[in-house]
Amino acid sequence: MYRFAGRIRYSELDREGKLSLESLLDYFQDCSTFHSEDIGVGFKFLQERHLAWVMSAWQIVVERYPALGERVLIGTAPYDFKGFIGWRNFLMEEENGERLAYANTVWTLMDMEHMRPAKVPDELNAVYVLEEKLEMDYAPRKIALPQIEGERREKVEVRQHHLDTNHHVNNGQYIRIAMEYLPEGFAIRQMRAEYKKQALLGDVIVPEVYMPADNICLISLNNEEGQAYCVAEFERNMGIV
């Protein structure tokens, strides 16, 4: 597993003084980026070939949120490629190897010139070393909305700060937007996200919130026609620290 060492910064904390879920997600994204750069198939390599890995789904499980100054190890490893799809695990550990959080992700390789999926080329398959899947309870990639009425919230216009190098809303930004609509004091044990459409600069996101149970909150981030850009599901654990 590819790893890098980190230390929890003040800028990464939530109101409780612990690493925020958004910052954890950033650590995981950065880890996969560092991995690809270090083996020679990073941003420039993909850009020259008009390719980009686009997130299709997240599943993050948190055992404990580390506090300010804690030293952590962040790791990642791909475990399968099929056609234009790639699967990758992530892990955050204490220095002694104790698990803090872990994740499963599904990615789509996109031809950005023609905006369509592209088969993973042999030169990518040749450099990525596939590893065994992490032991975890794998959830389905697709997230079904409950058969209850959702509550629409105030619209959000996509601004420059929401965009990444592919010029669409970064997958982490969708989660930041969705988390604004969680109930007060909602401690997140697990987050799942399914990405369906790309939102671009100037697009309008209409959040719709569903609470099918006390411990579950789903937020569908839709366009103005009601089609989802991203659906995020949050599971609460009141005992998490």
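Check the entry above for the structure.
Residues numbered from 1 in each chain as written. Predicted model: local features only at pLDDT ≥ 70, side-chain atom pairs only at ≥ 80, totals over all residues. Heavy atoms only, no water.

Enquirer: Just checking my understanding: could you explain the side chain of glutamine 29 for this structure?
Expert: By secondary structure assignment, the location of glutamine 29 is in helix H1 (residues 21-38). Assessed through its relative accessible area of 13%, glutamine 29 is described here as buried. (Helix = DSSP H or I, 4+ residues; strand = E, 2+ residues; numbered from the N terminus. Buried < 20%, exposed > 50% of the residue type's maximum accessible area, 1.4 Å probe, protein only.)

Enquirer: Looking at this model, I keep getting lost on the pattern of salt bridges. Mind explaining?
Expert: Oppositely charged side chains can pair when the atoms bearing their charge come close. The tally for this structure, following the rule as stated, stands at 16 salt bridges. Glutamate 224 is the salt-bridge partner of lysine 155, the closest N and O atoms lying 3.2 Å from each other. One end of the pair, lysine 155, is in the loop between strand E7 (151-152) and strand E8 (156-157); the other, glutamate 224, is in the loop between strand E11 (216-222) and strand E12 (228-236), and 69 residues separate them in sequence. Residue arginine 159 pairs with glutamate 157 through a salt bridge whose shortest N-O separation is 3.8 Å. Arginine 159 sits in the partly exposed class, given a relative accessible area of 46%. Overlapping salt bridges bring together Glu48, Arg49 and Glu123 as one network. (Salt bridge = Lys/Arg side-chain N within 4 Å of Asp/Glu carboxyl O.)

Enquirer: What is the right way to read the nonpolar core from this model?
Expert: General note: in soluble globular proteins, nonpolar side chains tend to be found buried as a group. Within the largest apolar cluster, 60 residues are counted, with the highest numbers of intra-cluster contacts made by Leu21, Phe28, Trp58, Ile60, Ile175, Met191 and Phe234. The residues touching isoleucine 60, leaving out its near neighbours within four places in the chain, are Leu21, Leu24, Leu25, Phe28, Tyr102, Ala103, Arg189, Gln190 and Met191. Core analysis: the second largest hydrophobic core is formed by six residues, Ile143, Tyr210, Ile216 and Leu218 among them. (Core = buried A, V, L, I, M, F, W, Y, C linked by side-chain atoms within 4.5 Å. Contact = heavy atoms within 4.5 Å.)

Enquirer: Explanation requested: unusual backbone geometry in the structure shown.
Expert: Peptide bonds are trans in most cases, and residues, glycine excluded, mostly fall at negative phi. A positive phi angle, near 60°, is found at histidine 50, a position not held by glycine. Along the chain, the position of histidine 50 falls in the loop between helix H2 (43-48) and strand E2 (51-62).

Enquirer: Looking at this structure, I do not really get the packing of aromatic side chains. What am I missing?
Expert: The relative placement of two aromatic rings is captured by the distance of their centres and the angle of their planes. Inspection of every chain in the model, using the stated rule, returns nine aromatic pairs. With a centroid separation of 6.4 Å and 25° between ring planes, the pair formed by phenylalanine 28 and tryptophan 58 is classed as stacked. With phenylalanine 28 in helix H1 and tryptophan 58 in strand E2, the pair connects residues that are 30 residues apart, well separated along the chain. The pair phenylalanine 28 / tryptophan 58 is uniform in exposure class, with both members buried. Directly above the aromatic system of phenylalanine 45 lies the positively charged group of arginine 49, at a separation of 3.7 Å from the ring centroid. Sitting over the ring of tyrosine 102, arginine 99 keeps its end group 4.8 Å from the ring centre. (Phe/Tyr/Trp six-rings, centres within 6.5 Å; stacked < 30°, edge-to-face > 60°. Lys NZ or Arg CZ within 6 Å of the ring centre and 35° of its normal.)

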